[in-house]
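# Structure at a glance
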Amino acid sequence: MGMTITEKILAAAAGKSKVEPGDLIDAKIDCIMCHDVTTPAAISMLKEKGIDKVFDKEKIVVTPDHFQPAKDIKSAELHKRLDTWAREKEIRYYYPLGKAGVCHALLPEQGHIKPGEVIVGGDSHTCTYGAFAAFSTGIGSTDLAAAIATGTLWFRVPETIKFVLNGKLSKGVYSKDVILAVIAKIGTDGALYKAMEFVGPTLKEISMEARMTITNMAIEAGAKNGIIGFDEITKKYLDEHLKDKKAYKVYESDKNANYEQTIEIDCSKLEPIVALPHLPSGGQAISKCSGIKMDQAYIGSCTNGRIEDLRIAASIMRGKKVAIRTIIVPATPVIWKQAKDEGLFDIFYEADCVISAPTCGACLGGFMGILAAGEKCVSTTNRNFVGRMGSPKSEVYLASPATAAASAIEGKLVDCRKYL
Amino acid sequence: MAKAHVYKRDHINTDEIIPARYLNTDNMAELAAHCMEDLDTNFVKKCKPGDCIVAGDDFGCGSSREHAVWALQGAKVGAVIANSFARIFYRNCINCGFYPIELEDAAGKINDGDEIEVDYKKGVITNITREIELTFKPLPDFAIEIINDGGLLEHIKKSSH
């Protein structure tokens, strides 16, 4: 029996020739992502336990993002702790305010993600990096502390579910709609503890940005990691972004690898999808939910705050006015500048949107667009749990940038295809 | 003796256990004051030390925030008993020395307000109110070792000596 790409990467990281689902392994970590919410606690734990060390200051990437720029005194204290530690430990890749961005957009953009690596981060959406044929998973503060100090973590090798994405996406349907459809199909625990491996012709026609939207939301189906194999599109992105041109290792799933399940999706049949409150699995075709009145639109986050997303939103808003509060959040300073240079900011300005600095902001109910009781927001983010973007009595509707932009213009959920 | 607080709900997520608006601190006492707030505003008031939360599938789904476990620990919750747990939350529990108990049909076997007693070693919950014994699968040995050592970091310290 062969191995899946996830099994191969974990086996290599554990120094083994073969692993099987269920095996407990100690894996060497290649890259650790640290941000402002979960890392300060990890730092304090290490100090408290007297193991205040960093296994490799070249393999840790630090950026404040959730509450940056600091939204209040307490978050300023978190940033201060993160900043003091990063400087004291001489972390090579530290992105303070001005360079900082939403972590899962920043790390690939800055060339920190390589195929074949084991990457962990103190954030559930760390699974995003699996788009680069890497094993990548989110962890809590204690695991983060252990990884920072030792460069090793234990893992249970997950079973893999294969998702075969067939067919060409029709106009107005994006990778966000694909992943919302997948989660609606299998549920928020449909891939609990498991690896979600995405394959198929649909992927060959979408960018790395769009692929990251898919792996980003693997956690919303409960998965340990989401992963997409290496190809020319991956290579092109890496050639443009990798800082040090050091080699990386490419792993592929064997033809006779063992999958717990194979699920085929005909992507050519998909409509734009909106996940209704209060679970990411609440996906409905737009034809079944258009007309619901919105109070706010939010375009940003690690799911859909990249340049391609802003271009799509701007193409719909060009020459139009929004009917509701609309917040645009470029995910990194580079994306911010690109959007400005390409004239997207002018389009958003003319449409009466507001443009924020890079931040996770209101995606998790931090700041920069919090909802009042009874309000509804169409959002390009990843979670629509109760209270996620503000009042426990508010509602979040997850959608693609195109659907969010079109809905912003009309002040209600609408089919974006009429604007394309 | 502990009281069961039963939530007949699946997918109770980390935003409900500790809303992100309180993540600007990692202070356990401050987090505990808002434990379960977006699901049940009375939870902190009614939870006595050692009481257990009982729920359905996929408890703790969502964010990797360990703050969810700290909020429960700070609120002196004895254990969470659920049909199943989300992966990162489950791992965070073990790493913090907090017991996640997987029990099939948990909310069907335990009613809200039932008096229960948990024997972690034997893997037995005694429902005193209903006079029944419920067995659950104990955690794997290495996880029990981590919990007994007082969490992952203590465990690492101990094993490196």
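Keep in mind it's a predicted model, so treat the numbers as computed, not measured.

### Comments concerning the overall build of chain B
Tallying secondary structure elements over chain B gives eight helices and seven strands in all. For 161 residues, the compact-globule formula gives about 15 Å, and the C-alpha radius of gyration of chain B, at 15 Å, lands near that figure. Taking all 161 residues of chain B together, 58% fall into the buried category. A separation of at least 24 residues holds for 61% of the contacts in chain B among residues at least 6 apart in sequence. Summed over all atoms, the accessible surface of chain B reaches about 6400 Å², with 49% contributed by carbon and sulfur. Charged side chains of chain B number 18 positive and 26 negative; the gap between the two group centres comes to 2 Å.

### Topic: the layout of surface pockets
One number sums up the size of the largest pocket: a volume of about 550 Å³. Forming the walls of the largest pocket are 18 residues, and the residues nearest its centre are Arg156(A), Tyr193(A), Tyr90(B), Glu102(B) and Pro140(B). For the lining of the largest pocket, the secondary structure elements donating two or more residues are β7 (152-156) of chain A together with α5 (87-95), β4 (100-102) and α7 (141-149) of chain B. Sort the elements by how many residues they give to the lining of the largest pocket and α5(B) lands first, with four residues.

### Considerations on the side chain of Arg65(B)
Mapping Arg65(B) onto the fold places it in the loop between β2 (52-55) and α4 (67-74). A distance of 3.4 Å separates a polar atom in the side chain of Arg65(B) from a polar atom in the side chain of Asp15(B). Reaching out from Arg65(B), the side chain makes a polar contact with the backbone oxygen of Ile18(B) at a distance of 2.9 Å. Ignoring sequence-local partners within four residues, the contact set of Arg65(B) consists of Arg388(A), Thr14(B), Asp15(B), Ile18(B), Pro19(B), Ala20(B), Leu23(B) and Asn92(B).

### Overview of the interface of chain A and chain B
Contact residues are listed per partner, giving 48 residues for chain A and 40 residues for chain B. Taken together, both faces of the contact between chain A and chain B bury some 3600 Å²; the carbon and sulfur share is 58%. Three residues stand out in chain A for area buried against chain B, namely Lys49(A), Trp154(A) and Tyr193(A), and they jointly supply 18% of the buried area on that side. The tally of links between chain A and chain B comes to five salt bridges. A salt bridge links Arg81(A) to Asp26(B); the nearest nitrogen and oxygen atoms lie 2.6 Å apart. In this assembly, chain A and chain B are joined by 22 residue pairs in polar contact (both at pLDDT 80 or more).

### A look at the pattern of salt bridges
Oppositely charged side chains may form a pair once their charged atoms are brought near each other. Following the criterion strictly, the structure yields 38 salt bridges over all chains and no others. We note a salt bridge from Arg65(B) to Asp15(B), for which the minimum N-O separation is 3.4 Å. Linking Arg65(B) in the loop between β2 and α4 with Asp15(B) in helix α1 (residues 14-17), this pair joins segments that are 50 residues apart in sequence. Exposure class is identical for Arg65(B) and Asp15(B). Each is buried. For Glu37(B), the salt bridge identified is with Arg21(B), shortest N-O distance 3.3 Å. Taken together, the residues span a long stretch of sequence, with Glu37(B) in the loop between α2 (28-32) and α3 (43-46) and Arg21(B) in the loop between α1 and α2 at a distance of 16 residues. Salt bridges here are not isolated pairs; linked through shared partners, they connect Asp52(A), Glu88(A) and Lys89(A).

### So, the side chain of His66(A)
Residue and element names in this part refer to chain A. Structurally, the position occupied by histidine 66 is in the loop between β3 (60-62) and α3 (73-88). On the basis of relative accessibility, which here comes to 9%, the residue histidine 66 falls in the buried class. A distance of 3.3 Å separates the side chain of histidine 66 from the side chain of aspartate 123, its partner in a polar contact. Among residues more than four places away in sequence, those in contact with histidine 66 are His35, Asp36, Val37, Asp123, Thr359, Cys360, Gly361, Leu364 and Phe367.

### What to know about empty space enclosed by the protein
Following the criterion strictly, the structure yields three cavities of 30 Å³ or more and no others. Space inside the largest cavity adds up to approximately 220 Å³. In terms of lining, the largest cavity is formed by 24 residues, of which the most central are His66(A), Asp123(A), His125(A), Leu364(A) and Arg388(A). Elements represented by at least two residues in the lining of the largest cavity include exactly α4 (103-109) and α10 (301-304) of chain A. When the residues that make up the lining of the largest cavity are grouped by side-chain class, the tally is eight nonpolar, 11 polar and five charged. Its volume calculated, the second largest cavity comes out at about 60 Å³. Taken together, Ile219(A), Gly222(A), Gly60(B), Cys61(B), Gly62(B), Ala86(B), Arg87(B), Ile88(B) and Phe89(B) make up the full set of residues lining the second largest cavity. Its residues assigned to classes, the lining of the second largest cavity shows five nonpolar, three polar and one charged.

### Observations concerning the environment of Thr234(A)
All names here are of chain A. Along the chain, threonine 234 turns up in helix α8 (residues 232-241). Distance in space between the C-alpha atoms of threonine 234 and isoleucine 5 is 15 Å, their sequence separation being 229 residues. Non-local contacts of threonine 234, meaning those with residues more than four positions away in its chain, are made with Ala131, Phe132, Met208, Arg211 and Gly229.

### What about the sheet that holds strand β5 (residues 118-121) of chain A?
Residues and elements named next belong to chain A. Reading across the sheet, the five strands line up as β4-β3-β2-β5-β6 and stay open at both edges, with parallel pairing between neighbours. The open sheet has two free edges, formed respectively by β4 (93-94) and β6 (135-138), since each of these has just one partner strand. Where β3 meets β4, two bridges bridge the pair, whose relative direction is parallel. Across the sheet, valine 61 pairs through a bridge with tyrosine 93, a residue of β4.

### Details of helix α7 (residues 208-216) of chain A
Residues and elements named next belong to chain A. Most of α7 is tucked away, with eight of its nine residues classed as buried. Every buried residue of α7 is accounted for by Met208, Ala210, Arg211, Met212, Thr213, Ile214, Thr215 and Asn216. With a side-chain oxygen positioned 3.4 Å from the backbone nitrogen of glutamate 209, the residue opening α7 is serine 207.

### Some details on the domain arrangement of chain A
Residues and elements named next belong to chain A. By domain assignment, chain A separates into domain 1 (5-152 + 160-265) and domain 2 (274-419). With 37 residues of domain 1 at the contact, the number on the domain 2 side is 36 residues. For the domain 1 and domain 2 pair, buried surface summed over both sides reaches about 2900 Å², with 63% attributable to carbon and sulfur atoms. One can count one salt bridge joining domain 1 with domain 2. Of the charged contacts, one joins arginine 383 and glutamate 220 as a salt bridge, the two residues approaching to 3.0 Å between their closest N and O atoms. Applying the counting criterion to the domain 1 and domain 2 interface returns 18 residue pairs in polar contact (both at pLDDT 80 or more). Broken down by secondary-structure element, the contributors of at least two residues to the side of domain 1 that touches domain 2 are α4, α6 (175-186) and α7. Partitioning the side of domain 1 that touches domain 2 into residue classes produces 14 nonpolar, 14 polar and nine charged.

What counts, and at which threshold
- The written sequence of each chain sets the order in which its residues are numbered from 1.
- A letter from A marks each chain and a number from 1 marks each ligand, given out in the order of writing.
- The model is predicted, so local features are restricted to residues of pLDDT at least 70 and side-chain atom pairs to those at 80 or more, both for listing and for counting; the totals for chains, interfaces and linings are taken over all residues.
- Heavy atoms throughout the structure, all of them, feed into the side-chain values; hydrogens and water do not.
- Helix and strand assignments come from DSSP, with helices taken as H or I runs of at least 4 residues and strands as E runs of at least 2, each series counted from the N terminus.
- The reference for a compact globule is 2.2 Å times residues^0.38; the radius of gyration itself is calculated from the C-alpha atoms.
- For the exposure calls, accessible area comes from a 1.4 Å probe over protein chains only, and a residue counts as buried if that area is under 20% of its type's maximum, exposed if over 50%, partly exposed in between.
- The criterion used for residue contact is that any of the two residues' heavy atoms lie within 4.5 Å.
- Per-residue and other accessible areas were derived by the Shrake-Rupley procedure at a 1.4 Å probe size, with only the shown protein chains allowed to occlude residues.
- Lys and Arg are tallied as positive, Asp and Glu as negative. Neither His nor the chain termini are counted.
- Charged side chains are reduced to one point each, which is NZ for Lys, CZ for Arg, CG for Asp and CD for Glu.
- With a 1 Å grid spanning the protein atoms alone, the term cavity applies to any set of points in which a 1.4 Å probe fits but cannot get out, the term pocket to an open set with protein on both sides within 12 Å along at least five of seven lines, and the term lining residue to any residue with an atom within 4 Å of a point.
- Grid points are joined across faces, edges and corners, and a volume is the space filled by probe spheres set on the points.
- Think of a polar contact as two N or O atoms within 3.5 Å of one another; within protein, one of them needs to be a possible hydrogen donor and the other a possible acceptor, and neighboring residues in sequence only count if both atoms come from side chains.
- The buried area of a pairing is the accessible area, by a 1.4 Å probe, that goes missing from both parts when the two are put together, added over both.
- Salt bridges are counted wherever a side-chain nitrogen of Lys or Arg sits within 4 Å of a carboxyl oxygen of Asp or Glu.
- Under the scheme applied, nonpolar residues are Ala, Val, Leu, Ile, Met, Phe, Trp, Tyr, Cys and Pro; charged residues are Asp, Glu, Lys and Arg; polar residues are all the others, including Gly.
- When DSSP finds two or more bridges between a pair of strands, those strands are recorded as paired.
- Start and end positions for the domains come from either an automated domain assignment or a database one.

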